[in-house]
Amino acid sequence: MAQKSLALMGYGVSQFSWGDSVERVGDSDIRGKWGSFLGLPVNLKMRSVTHVTTAKPTAKQWRVVSQTEKDVSPRSQKDLISYPRPLSVSDISTKSSNGSKGSPGSYTEDAALNVYPKCETIPCDEFEDAFKAVELWLADKAFLPIENSSSGSIHRNYDLLLRHRLHIVGEVQLPVNLCLLALPGVRTGQLRRVLSHPQALALSDTFLSKLGVSRENVDDTASAAQYVATKGLRDAGVIASARAAEIYGLNILAEQIQDDPDSVNRFLVLARDPIIPRSDKPFKTSVVFTLDEGPGVLFKALAVFALRDINLRKIESRPQRKRPLRVVDDSNTGTAKYFDYLFYIDFEASMAEPRAQNALGHLQEFATFLRVLGCYPMETAL
């Protein structure tokens, strides 16, 4: 489905045009269910979302950074040199092509509010803006759509996970509910066109074909709802969330119009710092790695998990952007060119478990690059 990125203490955008967001926070206790979801002690204080601001870090924040820099080892300092350049507020895009990108009422925002009911979300124009907002301390967490059970993965966001230094601290799985919305008093038979994100339109192909309307692509579902409401378009319908109907004063003409009634969206929760892994509840770990070319190398990589009875939940491969082709010797023709891949894997085990530590230690023996993207509580129920 179409969705955008979201930052807590804000929110953002994406190809999944449902609403990416970023979250900002103030002081309050989030205990019980939410503390457990984050893998934190239930008596640990967290901040609740209030609003987003571009104010400079406080003196206290600067002192923390300064002390951290003093404590890093020479090797760590060398590693830091290879990190992306420091971000500034000007790096976050503040303009949208039509002034409506990242509108409230997206599906990503629904996911954020499902976990943090009192949070305030802020729209971003691009998925990457949600990452930047968290990295700049303008938001506490980012919600990122990562895959849909019908249409598959959002590859752009896999690339961004590697380009940025945020950690996966949770996941959210929400059943899809695509709704047909229109202005009050408008009936289905009066509609001549339907506006929405291309993916939402594609997932509702059967319903729209029977309706016999034209389809118009927009950046995201919530923006489509906002546009129809503000322009007073009585011949246009919208595919968006039920919450978008409430926000923009539209009526719901039909619900669950997607072709696959069991379709589910999966979102990742990202933060600046990782959470403490635990072994007393189901955890999932996400890693990315590269391998040398050779027969059986990928088999060996996957075997390190099978040997320790670790279940793999997802395997995703992406060509390396900076070095897509690898030239290798070939005994028959001299040289050959191969795509060079990154492998993303989600597996069911916590980094607090010796078997997970041993598996990654084994993998590191023949992986040319290995990075843990996050270890987080596994979403076990919808």
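Residues numbered from 1 in each chain as written. Predicted model: local features only at pLDDT ≥ 70, side-chain atom pairs only at ≥ 80, totals over all residues. Heavy atoms only, no water.

Draft legend 1. Structural context of the sheet that holds strand 19 (residues 341-347). In spatial order, the strands read 16-19-15-20; together these four strands make up an open sheet with antiparallel pairing. A single partner strand is all that each edge strand has here, and the edge strands are strand 16 (312-319) and strand 20 (367-377). Averaged over all adjacent pairs, the angle separating strand axes in this sheet is 15°, with direction ignored. As paired strands, strand 15 (residues 283-291) and strand 20 are joined by nine bridges and run antiparallel to one another. Along strand 20, the bridge assignment pairs Leu-291 with Ala-367. Against the sheet, helix 6 (residues 155-163) engages strand 15, strand 16, strand 19 and strand 20, with an angle of about 85° to strand 16. Set on the sheet, helix 12 (residues 354-363) makes contact with strand 15, strand 19 and strand 20; between it and strand 20 the angle comes to about 160°. (Pairing = 2+ DSSP bridges. Helix = DSSP H or I, 4+ residues; strand = E, 2+ residues; numbered from the N terminus. Axes fitted to C-alpha atoms, helices over the stretch in contact; angles between N-to-C directions. Contact = heavy atoms within 4.5 Å.)

Draft legend 2. Here's a closer look at unusual backbone geometry. Even without being glycine, Trp-137 reaches a positive phi, approximately 65°. Residue placement: Trp-137 occurs in the loop between helix 5 (127-135) and strand 6 (141-148). Positive phi, close to 60°, is recorded for Asp-309, a residue that is not glycine. Within the secondary structure, Asp-309 sits in the loop between helix 11 (297-306) and strand 16.

Draft legend 3. Geometry of the packing of helix 5 against helix 6. Two numbers describe how helix 5 lies on helix 6: the axes approach to 10 Å, and their chain directions differ by 25°. Comparing their axes, helix 6 and helix 5 come out roughly parallel. In the packing of helix 5 onto helix 6, the handedness of the crossing is right-handed. Contact with helix 5, carried on its side by Phe-127, Glu-128 and Phe-131, involves Arg-156, Asn-157, Leu-160, Leu-161 and Arg-163 of helix 6 and no other residues of that element. (Parallel < 35°, antiparallel > 145°, perpendicular 65-115°, else oblique. Left-handed = near helix turned anticlockwise from the far one by under 90°.)

Draft legend 4. Representation of the nonpolar core in the model. Membership of the largest hydrophobic core comes to 40 residues, with the highest contact counts inside it found for Phe-131, Phe-143, Leu-161, Ile-168, Val-172 and Leu-270. For Phe-131, the contacting residues outside a window of four places in its chain are Leu-144, Leu-160, Leu-161, His-164, Leu-166 and Leu-270. Leu-203, Ala-225, Ala-244 and Ala-245 belong to the second-largest nonpolar core, a separate cluster that totals 31 residues. (Core = buried A, V, L, I, M, F, W, Y, C linked by side-chain atoms within 4.5 Å. Buried < 20%, exposed > 50% of the residue type's maximum accessible area, 1.4 Å probe, protein only.)

Draft legend 5. How the structure looks around helix 11. Turning to helix 11, its buried residues are Val-297, Ala-301, Val-304 and Phe-305. Viewed end-on, helix 11 has its buried residues packed into an arc of 105°, placing them on one side of the element. Pointing more than 90 degrees away from the buried face of helix 11 are the exposed residues Phe-299 and Ala-306. Of the surrounding elements, those touching the buried residues of helix 11 are strand 15, strand 16, strand 19 and helix 12. (Arc of directions from axis to C-beta.)

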